[in-house]
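Residues per chain are reported as follows:
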Protein chains: 2
Amino acid sequence: MATDNGSSSGNNILSVVGTGPGDLDYLIPAARKALEQADVIVGYRTYLDLIAEVIDDKKVVSSSMMQEVDRVKQAFDLAETGKHVALVSGGDPGIYAMAGLVYEIAELREIKTEIRVVAGIAALNSCAERLGAPLMHDFAAISLSDLLTPWELIEKRVRAAVDADFVLVIYNPKSKKRDWQLGKVFEMVLNKRPGSTPVGMVRGATRENEEVSVATLDDFDTAGVDMQTTVIIGNSTTFISNGKMITPRGYGAKYQLI
Amino acid sequence: MATDNGSSSGNNILSVVGTGPGDLDYLIPAARKALEQADVIVGYRTYLDLIAEVIDDKKVVSSSMMQEVDRVKQAFDLAETGKHVALVSGGDPGIYAMAGLVYEIAELREIKTEIRVVAGIAALNSCAERLGAPLMHDFAAISLSDLLTPWELIEKRVRAAVDADFVLVIYNPKSKKRDWQLGKVFEMVLNKRPGSTPVGMVRGATRENEEVSVATLDDFDTAGVDMQTTVIIGNSTTFISNGKMITPRGYGAKYQLI
């Protein structure tokens, strides 16, 4: 990767770009263009590795996980020197990712840098694709991380979503330090839906270590679930066909499908 | 567009491909490749027009809206003659779109054609991008179309999502024949959240006729909302900054953002 040549292009732009799940076939052209136009790329190392061939000749500032606030401040500091900075996140920066923090910090620090968010293929899109068609009907996306959200609120949301028969998309289901929440969610779902309810998980979608499995609430093994995993729990109508998880939209009640 | 040359490639493949919002900069390379590899393209005319330059030399079977079941059957019939057929939907075929119907009909008719779903940028991704960062926290996606779902169930889901302070992503908010549901949803939200709650709408994201507006529940004008529109209603923490709608993830409570 090239070193900084000291030029200031007078851009003052912060592009917030998602890599999608990882495979470059899932990186939208708008995101690739933003990366190509940027003077500097800022991001968490793992995500930068996924797009290495796109940002090969760029100045890169990489950091480790869990330093989101510092990373955004650093990206703004660089942009304010007249650079076009691309801040890279995984998936879609607009879904549980970096876009919000960027706007929040811009507001608090009264930053005038132009902010450009570029959508991406989020975990829910790639996970749904791998599992079949689980998101054909209303769904609730819920993160189980209680780092920034009290567990009571998470539990309240799970209960509400289960009661109203939403499909559940579970972000951050489990980490090394946080291992009981997913089991608790399954327990809550089992109070309202049968053990035969389909559950799917996708780990590292489109990457070399991708793992996909579809099972039922009774049979699902949470051992393989980690922070790289997204879990989808079916609603009362979701069924499994040839290993795929399908939530009908309701055409069958109105139209002749055969 | 080319006429059928009568060749049978022995592929027997049905690719289910989303155009994303419309602009080709939002069409993922995996979807473009599937379209390029296909022998025949099947889809609703409006979506095919959006990708005209990609499918220019292909045999195309277009149809009008509201004939989803017939379109899927036709796509399978063509695939079973040994073709690779790409069935095109808008957005992400895995979110309220064609993937489910494809798997359902395959199961009922015991079809052996290989099915390949390719994810896409869904309305919720492009709408969130245009509005700012409304989906930084848990959200519920709900379609207001009561064509295939009883209104009572839709209302139950809206109520549950409002009670548990989800951000709401409203699909199919309004059509020519169905004009009161969105107002009813606003009424339900106003029972629990203040009139200052941010609401955003995006119509025809990335297209020539794109319209984006951010307002509050009190001020929001539903006149411009139609079937091409997605509406996002903030949770109790969502705020407006420089015309953007932002739902904080919660960093501010734990970290020094300035």
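The present account deals with the structure reproduced in this document.

Rules behind the numbers
In this convention, every chain numbers its residues from 1, walking through the sequence in written order. Note on labels: chains are lettered from A, ligands numbered from 1, in written order. Side-chain atom pairs in this predicted model are given and counted only at pLDDT of 80 or more, local residue features only at pLDDT of at least 70, and totals for whole chains, interfaces and linings cover all residues. Processing note: side-chain calculations cover all non-hydrogen atoms of the structure and skip hydrogens and water entirely. Working convention: axes come from line fits to C-alpha atoms, limited for helices to the stretch in contact. Angles between N-to-C directions cover 0 to 180 degrees. Each helix is a run of H or I in the DSSP string that is no shorter than four residues. Each strand is a run of E no shorter than two, and both are numbered from the N terminus. When describing relative orientation, an angle under 35 degrees is termed roughly parallel and one over 145 degrees roughly antiparallel, while 65 to 115 degrees is termed roughly perpendicular and anything else oblique. Crossing handedness: left-handed means the near helix sits turned counterclockwise from the far one by under a right angle, and right-handed means the same turn made clockwise. Two residues qualify as a contact provided that any one of their heavy atoms is within 4.5 Å of a heavy atom in the partner residue. Lys, Arg, Asp and Glu make up the charged group, whereas Ala, Val, Leu, Ile, Met, Phe, Trp, Tyr, Cys and Pro make up the nonpolar group; the residues left over, Gly among them, are polar. Each residue is placed in one exposure class: buried if its accessible area under a 1.4 Å probe, protein chains only, is under 20% of its type's maximum, exposed if it is over 50%, and partly exposed if it falls in between. Charged-residue counts in this description rest on Lys and Arg as positive and Asp and Glu as negative, His and the chain ends being excluded. Salt bridges are identified by distance alone: a Lys or Arg side-chain nitrogen within 4 Å of an Asp or Glu carboxyl oxygen. By buried area we mean the combined loss of accessible area, with a 1.4 Å probe, across both parts when two parts are placed together. A 3.5 Å cut-off defines polar contacts: any pair of N or O atoms within that distance qualifies, except that in protein one atom must be a possible hydrogen donor and the other a possible acceptor, and neighbouring residues in sequence count only when both atoms are side-chain atoms. In short, DSSP must find at least two bridges between two strands for them to pair.

**Here's the deal with the packing of helix 3 (residues 68-79) of chain A against helix 4 (residues 98-108) of chain A**
All names here are of chain A. Packing of helix 3 against helix 4 brings their axes to within 10 Å, and their N-to-C directions diverge by 60°. Considered as vectors, helix 3 and helix 4 are oriented oblique to each other. The crossing of helix 3 and helix 4 is right-handed. Of the residues in helix 4, those touching helix 3 at Glu-68, Val-69, Arg-71, Val-72, Lys-73 and Phe-76 are Met-98, Leu-101, Val-102, Ile-105 and Ala-106. Tallied by class, residues from the contact of helix 3 with helix 4 come to eight nonpolar, no polar and three charged.

**A short note on the side chain of Glu104(B)**
Of note, Glu104(B) is situated in helix 4 (residues 99-108). Of the side chains with opposite charge, Arg249(A) comes closest to the buried, unpaired Glu104(B), at an N-O distance of 9.2 Å. Excluding residues that lie within four positions of it along the chain, Glu104(B) makes contacts with Phe239(A), Ile246(A), Pro248(A), Arg249(A) and Leu257(A).

**Comments concerning the interface of chain A and chain B**
In this complex, chain A contributes 75 residues to the contact, which on the side of chain B involves 75 residues. Carbon and sulfur atoms supply 61% of the area buried between chain A and chain B, which totals about 6700 Å² over both sides. Interface area lost by chain A to chain B is led by Leu148(A), Arg157(A) and Leu257(A), which between them contribute 11%. For Asp25(B), the salt bridge identified is with Lys33(A), shortest N-O distance 2.7 Å. Across the contact surface, chain A and chain B share 37 residue pairs in polar contact (both at pLDDT 80 or more). Of the residues assigned to the side of chain A that touches chain B, the class counts are 44 nonpolar, 14 polar and 17 charged. Where strand 7 (residues 139-143) of chain A lies against strand 7 (residues 139-143) of chain B, three bridges are found, and the strand directions are antiparallel. Its bridge partner lying in strand 7 of chain B, Ala141(A) is registered against Phe139(B).

**Concerning the sheet that holds strand 3 (residues 59-63) of chain A**
Backbone-to-backbone hydrogen bonds pair the strands of a sheet. The strands run either parallel or antiparallel. Residues and elements named next belong to chain A. Sheet architecture is open: five strands sit in the order 3-2-4-1-5, paired in parallel fashion. Two strands in the sheet have a free side with no partner beyond their single neighbour: strand 3 and strand 5 (114-118). Neighbour-to-neighbour, the strand axes of this sheet turn through a mean angle of 20°, independent of strand direction. Relative to strand 4 (residues 84-89), strand 2 (residues 40-44) runs parallel, the two sharing four bridges. Within strand 4, the residue paired with Val-40 across the bridge is Val-85. Together, strand 1 (13-18), strand 2, strand 4 and strand 5 form the strand contacts of helix 1 (residues 29-37), whose direction differs from that of strand 1 by roughly 140°.

Coordinates in, geometry out; function isn't part of it.
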